[in-house]
Amino acid sequence: MPKSYLQIAVATPLRKLFTYTSEQELSEKQIGARVKVTFGRRHMLGVIAAISASNTAPTAKLKAIDELLDEHNLWPEELWKMLNWAAQYYQHPLGEVLSTAMPALLRQGKPAKYPSQTCWSLTDEGQSIELDELKRAPRQQAIIELLRNHPSQADEAAIEDQSLKEQCPGCHDALKRLQEKQLICAHQTAGYEPHENTSSESGPELHEEQQLAVSKIIDRLGHYDAFLLEGVTGSGKTEVYLQCIQACVARGEQALVLIPEIGLTPQMIQRFQQRLACQVGVLHSGLSDSERTLTWLAARDGKLDVILGTRSAIFTPLAKPGLIIIDEEHDASFKQQDGFRYSARDLAIWRAHQNQIPIVLGSATPSLESLSNVQRERYQLLTLQERAGGAIPPTLHLLDMRSQPIEEGLSDRLHQVMRQHLDKDQQVLLFLNRRGFSPTLMCHDCGWIAHCQRCDTHMTYHQLDRRLRCHHCGSERPAEHSCPSCQSKNLINLGAGTERIEAALKERYPDVEVIRIDRDTTRRKGSLEALLEKVKDGRRQILIGTQMLAKGHHFPNVTMVGIVDADQGLHSPEFRAPERMAQLILQVAGRAGRAERPGEVYIQTHHPDHMQLLTLIHNGYPEFARVLLAEREETGLPPFTAMAIFRAEAVDRQAPLDFLRQVSEQLRPLASQQIQLFGPLPAPMEKRAGRFRTQLIVTAATRPALQQFLSQGLPIADNIKSNKVRWSIDVDPIDTY
Ligand code: ADP
Ligand code: ZN
Ligand code: ZN
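No experiment lies behind these values; they were computed from the predicted model shown. (Residues numbered from 1 in each chain as written. Chains lettered and ligands numbered in written order. Predicted model: local features only at pLDDT ≥ 70, side-chain atom pairs only at ≥ 80, totals over all residues. Heavy atoms only, no water.)

A.B. asks: Looking at this model, I keep getting lost on the domain arrangement of the protein. Mind explaining?
C.D. replies: Interface extent is often summarised as the accessible area lost during association of the parts. By domain assignment, the protein separates into domain 1 (4–107), domain 2 (117–189), domain 3 (208–388), domain 4 (391–437 + 496–630) and domain 5 (642–731). A C-alpha centroid distance of 34 Å is found between domain 3 and domain 5. (Domains from an automatic or database assignment.)

A.B. asks: Honestly, the environment of Ile406 in this entry has me stumped. Any pointers?
C.D. replies: For Ile406, the position within the fold is in strand E18 (residues 406–407). Accessibility expressed as a relative area gives 36% for Ile406, which makes it partly exposed. When near neighbours in sequence (up to four residues on either side) are disregarded, Ile406 contacts Met401, Ser411 and His606. (Helix = DSSP H or I, 4+ residues; strand = E, 2+ residues; numbered from the N terminus. Buried < 20%, exposed > 50% of the residue type's maximum accessible area, 1.4 Å probe, protein only. Contact = heavy atoms within 4.5 Å.)

A.B. asks: What should I look at first to understand the packing of aromatic side chains in this one?
C.D. replies: Describing an aromatic ring pair means giving the distance of the ring centres and the angle of the ring planes. Summed over all chains, the structure comprises 13 aromatic pairs. Ring plane angle 85 degrees and centroid distance 4.9 Å describe the contact between Tyr89 and Tyr90, whose orientation is recorded as edge-to-face. Of the two residues examined, Tyr89 and Tyr90, each falls in the buried class. One aromatic cluster is present, formed by Trp85, Tyr89, Tyr90, Phe315, Phe340, Tyr342 and Trp350 through successive ring pairs. (Phe/Tyr/Trp six-rings, centres within 6.5 Å; stacked < 30°, edge-to-face > 60°.)

A.B. asks: Teacher, can you tell me more about the pattern of salt bridges here?
C.D. replies: Going through the model one piece at a time under the given rule, you end up with 43 salt bridges. Between Asp652 and Lys724 there is a salt bridge whose closest N-O contact spans 3.3 Å. Of this pair, Asp652 sits in the loop between strand E30 (642–650) and helix H20 (654–667) while Lys724 is found in the loop between helix H21 (703–719) and strand E33 (726–731), placing the two residues 72 residues apart along the sequence. Judged by relative accessible area, which is 30%, Asp652 ranks as partly exposed. A cluster of three or more residues bridged by salt bridges with shared partners is formed by Arg419, Asp423, Asp425, Asp511 and Arg540. (Salt bridge = Lys/Arg side-chain N within 4 Å of Asp/Glu carboxyl O.)

A.B. asks: Looking at this model, I keep getting lost on the sheet that holds strand E6 (residues 67–68). Mind explaining?
C.D. replies: As a general point, the strands of a sheet are linked pairwise by backbone hydrogen bonds and lie either parallel or antiparallel. An order of E5-E2-E1-E4-E3-E6 is seen for the six strands of this open sheet, with the pairing classed as mixed. Because the sheet does not close on itself, it has two edges, and the strands there are strand E5 (63–64) and E6. Relative to strand E2 (residues 18–22), strand E1 (residues 4–10) runs antiparallel, the two sharing five bridges. In the strand pairing of E2, Ile8 is matched with Phe18. (Pairing = 2+ DSSP bridges.)

A.B. asks: Hey, could you run me through the sheet that holds strand E20 (residues 427–431) in this one?
C.D. replies: In space, the six strands of this open sheet follow the order E17-E29-E28-E20-E27-E26, with parallel pairing throughout. Strands at the two margins of the open sheet, each flanked by one partner only, are strand E17 (395–400) and strand E26 (513–517). Strand-to-strand, the axes of this sheet are offset by a mean angle of 20 degrees, without reference to chain direction. Against the sheet, helix H19 (residues 611–635) makes contact with E17 and strand E29 (600–605), and its axis sits at roughly 150 degrees relative to E17, the strand it touches most. (Axes fitted to C-alpha atoms, helices over the stretch in contact; angles between N-to-C directions.)

Pasting the structure below:
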């Protein structure tokens, strides 16, 4: 007779737990422990979700677990609760949720112990050797250089084996040679080694608004409270965070800080490490598996005081949670867009509430969700009106493009203003969220257009290598030299992307350095940093770029920003498009005039009378957001309703439609007055990467109503035959396609 019956969460797409047995008598404290199980014919990792001494299912078929990996719950109680809640709320299999919430080494079944790491450091000889002596062995030379330049936390610089091999691929033999020559040596570390407490720099004296914000927040340490810290870029939000974190750490508690991927720059990390006289752990995508595991465990064991990370850092276990901060809380990167589609911001709110600790959401352009929570008095609003250090906010102007001479997307008027700024030896930043040379290649004689064969969209022409690329599925091919339909050689490029504008600028401003920053110019490791460095040192430059320019960076010499095309956001079927457009415009605008000189922002549009644009320009973001919120309320859209989307896709057009039609029919009887179903309808871009996509939208008057509906409805949907169809549910989607 088995002693215990275990409900095991396994990382599969099935929304259920699996019963296994154990010969050992297990108790409550083993809930949350990892086990190895035989699942079908595979060996998989599972987590004990529940334990009982008896069982109602037929026992004959039950298998015993293969191995118990942990003595205790892997997660602290509060995080365990959040993960279970999240699985329920996002209607996602618990096994996959838990798998997302552990570092890769633990997912592979490695023991939850500090991984022992091989570290390399220079010997005295290695310190002093002339690099030239190694010029016949470039790899060895590179390793010595890396070790010399490595910022040392302690007295000697040591680089972990895995990270060294990532930075210097194929260096295995070179390491051996260097070790033989006694230029470097290896040693093993185990456990978390605290950093030397470097003397911390003190920050600027806070101005009145900042002080008020800090005192309100730290007043609530030890209690739940949610704050929305609204302040333009450069208004000193980060200074507020730093002071609150210090107060939190002084109480012996930990602070968790989430930042969008693009904001977690080396400068940001450095600022935190220099300013906080405590143990700061950083979780970013560049870490090796063992570094990640180390940080995860150190946070769990309370050895770290501050954890700074991107979206998935919300799953960092904390021994003594004290404060959560979400910077740029409106940023879309906090929502996971596939698989387990969680919102790190929303989970953070839940976690703060669960732990009775304060949470601070910071933004220059808060999401409508958060503003609505302020209106409902769920969040306290704290505002920073002034720019810290006395910088003057940029002025915004609309440039009417109608019947203006335009060349390569830029109007004469824009050029005039650019000239003025360049003549004063200042920098101009042009923003266009479209890379490549042109978004459409067309035959002038017959109208043929270069389409993507796998998506409902045009291919983008890239001039550098004369190739057509689809920005949605990644497929590419050489650009046609003549029209495949009528053989004409008269192919023309319609519209402009960053590559084309860069070319036009170089021609028009031969005396000015033009720097393009987009995914195409920053593919190589280190190239973005190199370009940014050039900008920082330079005068009289034109920067042209995409989103990559909009966020995070500080360009003190930029005094003018041009938004090349504001109309992209005005005509999207996506209901969040205007909100996104405004956030992006202001974010780009925030790059200008951060130093002594005030900045000017020029926005090119063919719709200078557009109410939303006018409101934004003349009345600012808060008023703009108020108007949008009123519209959302009137039209019954989030945040005034709760939304979920069923998405289905297949190679064949009909199958996803048929599937969602059945879902809709079978779920409709569950729908109360509070629930509305829209669709199924083809997605705005129906075909993508060779698959046809359909969606069924659910809106509910309240979140509990939506939860109830989905909890009852999903088991039904799970039972509908879905051959060939891949489908998913997205709760609180941020995109409706
Ligand atoms: P945000 O996070 O809102 O973009 P930061 O906190 O990064 O703003 O502040 C912008 C710049 O102003 C930084 O260089 C910061 O050191 C400086 N700063 C912030 N607060 C003050 C202050 N009270 N006095 C002087 N300088 C400040
Ligand atoms: Zn043609
Ligand atoms: Zn495509």
